[in-house]
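Observations on chain architecture
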Amino acid sequence: QVQLVESGGGLVQAGGSLRLSCAASGRSVSSYAMGWFRQAPGKEREFVAVIWRSAGVTSYAESVKGRFAISRDNAKNTAYLQMNSLKLEDAAVYFCVADPRLTTSRSPDAYGHWGQGTQVTVSS
């Protein structure tokens, strides 16, 4: 069974940066798709980004393209989300996801493993 633990969330001013980490345990996820979703209060869970086992295959939500960058270190069984130029609307709980199917789906249902989430708060 794969366990995912996010870290790196916190409070940041608008325009600032944060780097989220997602550490996987239980087995190697080097062949998995890994990604990030987010959910703000009163809103649906929203796709943010996904990366295949090869760092050359990534997909981003239009709302974060050019500001966020997803990456992974398979030797560390860890994925990252570098978030730059943060906006007030980026505030949410960010969830790490993983799935053995090499999907770039934007549906939460496509990902079988989820972390507990890390809070990102953006202040004006």
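So, a few notes on the structure that sits alongside this text. (Residues numbered from 1 in each chain as written. Predicted model: local features only at pLDDT ≥ 70, side-chain atom pairs only at ≥ 80, totals over all residues. Heavy atoms only, no water.)

**Quick notes on the pattern of salt bridges**
Worth spelling out the cut-off: By definition, a salt bridge exists where a carboxyl oxygen of Asp or Glu is found within 4 Å of a side-chain nitrogen of Lys or Arg.
In the structure shown here, the tally under the stated rule is 5 salt bridges. A salt bridge links Glu46 to Arg38; the nearest nitrogen and oxygen atoms lie 2.8 Å apart. Taken together, the shared-partner salt bridges in this structure form one network comprising Arg38, Glu46, Arg67 and Asp90.

**Quick word on the pairing of strand β1 (residues 3-7)**
For the record, the criterion: Burial here depends on accessible area, computed with a 1.4 Å probe over protein chains only, as a share of the maximum for the residue type. Under 20% is buried, over 50% is exposed, and the range in between is partly exposed. A helix here means a DSSP run of H or I that spans at least four residues, while a strand means a run of E at least two residues long, and both kinds are numbered starting from the N terminus. Note: two strands are recorded as paired if DSSP finds a minimum of 2 bridges between them.
Because side chains alternate across β1, one face comprises the buried residues Leu4 and Glu6, and the other comprises Gln3, Val5 and Ser7, none of which is buried. Across 5 bridges, β1 lies against strand β3 (residues 18-25) in antiparallel orientation. Paired with Leu4 across the strands is Ala24, a residue of β3.

**Observations regarding the environment of Val12**
Defined as follows: Should any heavy atoms of two residues lie within 4.5 Å, those residues are considered in contact.
With respect to the secondary-structure elements, Val12 resides in strand β2 (residues 10-13). With relative accessibility at 11%, the residue Val12 sits in the buried group. Sequence-distant contacts of Val12, that is, excluding residues within four places in its chain, are made with Ser17, Leu18, Leu86, Thr121, Val122 and Ser123.

**A word on unusual backbone geometry**
The phi angle at Asn77 is positive, at roughly 55 degrees, despite the residue not being glycine. Mapped onto the elements, Asn77 comes out in the loop between β7 (68-73) and β8 (78-83). Non-glycine residue Ser85 carries a positive phi angle of around 50 degrees. Its place among the elements puts Ser85 in the loop between β8 and β9 (92-99). For Ser85, a relative accessible area of 41% corresponds to the partly exposed category.

**Points about the state of the cysteines**
Think of a disulfide as a covalent bridge from one cysteine sulfur atom to another cysteine sulfur atom. Cut-off, in case you're wondering: Two cysteine sulfur atoms form a disulfide, by the criterion used here, when they sit within 2.5 Å.
Applying the stated criterion across every chain yields a total of 1 disulfide. Bridging Cys22 to Cys96, the disulfide has an S-S length of 2.0 Å. Taking the sign of the torsion about the S-S bond as the criterion, the disulfide between Cys22 and Cys96, at about -80 degrees, is left-handed. With Cys22 in strand β3 and Cys96 in strand β9, the pair connects residues that are 74 residues apart, well separated along the chain. Given a relative accessible area of 0%, Cys22 falls into the buried group.

**Some thoughts on the side chain of Thr118**
Threshold: Pairs of N or O atoms within 3.5 Å make up the polar contacts considered here, provided that, within protein, one atom can donate a hydrogen while the other can accept it, and that residues adjacent in sequence are counted only when both atoms are side-chain atoms.
Locating Thr118 in the fold gives a position in strand β11 (residues 118-123). Only 3.3 Å separates the side chain of Thr118 from the backbone nitrogen of Gly9, close enough to count as a polar contact.

**Re the pairing of β3**
Summarising the sheet, β3 and β8 pair through 6 bridges and their orientation is antiparallel. The residue of β8 that forms the bridge with Ser21 is Tyr80.

**Description of the sheet that holds β3**
Test applied: Angles here are taken between N-to-C directions and fall from 0 to 180 degrees, while the axes themselves are lines fitted to C-alpha atoms, restricted in helices to the stretch in contact.
With respect to topology, 4 strands assemble into an open sheet ordered β1-β3-β8-β7, the strand pairing being antiparallel. Of all strands in the sheet, those with a lone pairing partner are β1 and β7, marking the two edges. For this sheet, the mean inter-axis angle between neighbouring strands, taken without regard to orientation, is 15 degrees.

The values are spatial; any link to function lies outside them.
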